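The lines below spell out each chain.
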Amino acid sequence: MAFAALCDRAAEHGLVVRLEPMPYSGIPDYESALSIIRAAGRANSGLVLDTWHFFRGGSSLPSLDDLPLEHLVVQLSDAPAAPEADLWAEASQRRLLPGAGALDLRGVLKALRERGFSGPVGPEVVSTGLWSLGAAEAARQAAAACRALLDASP
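These numbers were taken from a predicted model, which means no experiment stands behind them.

Participant: Just to check I follow, could you spell out the nonpolar core for this structure?
Facilitator: The nonpolar side chains of a soluble globular protein tend to be buried with one another. Counting 32 residues, the largest nonpolar core has Leu47, Leu49, Leu64 and Leu112 as its most contacted members. Those elements that provide at least two residues to this core are α1 (2-11), β1 (17-19), α2 (30-40), β2 (45-50), α3 (51-56), β3 (73-76), α5 (105-114) and α7 (135-152). Every residue in contact with Leu64, bar those within four places of it in the chain, is listed here: Leu49, Phe54, Val108, Ala111, Leu112 and Arg115. In terms of nonpolar packing, the next biggest core, distinct from the first, is built from six residues, Leu97, Val125, Leu130 and Ala138 among them.

Participant: Explanation requested: the environment of Arg106 in the structure shown.
Facilitator: With respect to the helices and strands, Arg106 occurs in helix α5. Assessed through its relative accessible area of 43%, Arg106 is described here as partly exposed. Here the alpha-carbon distance between Arg106 and Asp50, two residues 56 residues apart in the chain, equals 14 Å. When near neighbours in sequence (up to four residues on either side) are disregarded, Arg106 contacts Leu149, Ala152, Ser153 and Pro154.

Participant: How should the sheet that holds β1 be read in this particular structure?
Facilitator: Backbone-to-backbone hydrogen bonds join strands into a sheet, with any given pair of strands oriented parallel or antiparallel. With parallel pairing, the four strands of this open sheet are ordered in space as β1-β2-β3-β4. Among the strands making up the open sheet, the edge pair consists of β1 and β4 (121-123). Strand-to-strand, the axes of this sheet are offset by a mean angle of 30°, without reference to chain direction. With three bridges joining them, β1 and β2 adopt parallel strand pairing. If you follow Val17 over to β2, its bridge partner there is Ser45. Most of the contacts of α1 go to β1, to which it runs at about 145°, and overall it touches β1 and β2.

Participant: Explanation requested: the environment of Gly122 in the structure shown.
Facilitator: Looking at the element boundaries, Gly122 is found in strand β4. Residue Gly122 is classed as buried on the basis of its relative accessible area of 18%. In this structure the C-alpha to C-alpha distance between Gly122 and Leu76, which are 46 residues apart in sequence, comes to 5.9 Å. Setting aside chain neighbours within four positions, we find Gly122 in contact with Val74, Gln75, Leu76 and Cys146.

Participant: I keep staring at the pairing of β3 and nothing clicks. Help me out?
Facilitator: In summary, the side chains of a regular strand alternate between the two faces of the sheet. Going residue by residue along β3, you find Val73 and Gln75 tucked away on one face and Val74 and Leu76 tucked away on the opposite face as well. Pairing analysis gives three bridges linking β2 to β3, with the strands arranged parallel. Directly across from Leu49, in β3, lies its bridge partner Val74. Note: β3 against β4, three bridges, orientation parallel.

Participant: It is not clear to me how unusual backbone geometry should be interpreted in this structure. Could you clarify?
Facilitator: Peptide bonds are, in most cases, trans, and in most cases residues other than glycine have a negative phi. Of note in this structure, His71 is not a glycine but carries a positive phi near 70°. With respect to the helices and strands, the residue His71 is situated in the loop between α3 and β3. Accessibility expressed as a relative area gives 22% for His71, which makes it partly exposed.

Conventions used here
Residues numbered from 1 in each chain as written. Predicted model: local features only at pLDDT ≥ 70, side-chain atom pairs only at ≥ 80, totals over all residues. Heavy atoms only, no water. Core = buried A, V, L, I, M, F, W, Y, C linked by side-chain atoms within 4.5 Å. Buried < 20%, exposed > 50% of the residue type's maximum accessible area, 1.4 Å probe, protein only. Helix = DSSP H or I, 4+ residues; strand = E, 2+ residues; numbered from the N terminus. Contact = heavy atoms within 4.5 Å. Pairing = 2+ DSSP bridges. Axes fitted to C-alpha atoms, helices over the stretch in contact; angles between N-to-C directions.

Taken by themselves, the reported measurements are silent on function.
Here it is, written out as structure tokens:
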């Protein structure tokens, strides 16, 4: 299996390999990613929980119970309730700052915290609107949105 081999090569250097499912890819959802990780059976494998991909890929809060917390990282972005017809365009150009859309980001954070997650959480807001502000202002706004969401989450 290619993923197992990649993990083995990474382990030689003390690295972790994380899968990030994307609804428009060959690994469209978290169930698919978990099956790959489980089949590989490597201790240095994990997941990237990107909230945009999580919800647009059809996952829901109860499915968070199945995600392994070891080597998990969380990327926060938001979106309107209804997906666009072109998911790639939405994902690569029109994500929203955390808390500015309709995705249940607070629910994700609450569910993970209740399970004991304390790993890395940060923004991944791919947005032409943010790009137009310049790097410093885009980073300031993304950080402020993440802080507000994390502070408001139980």
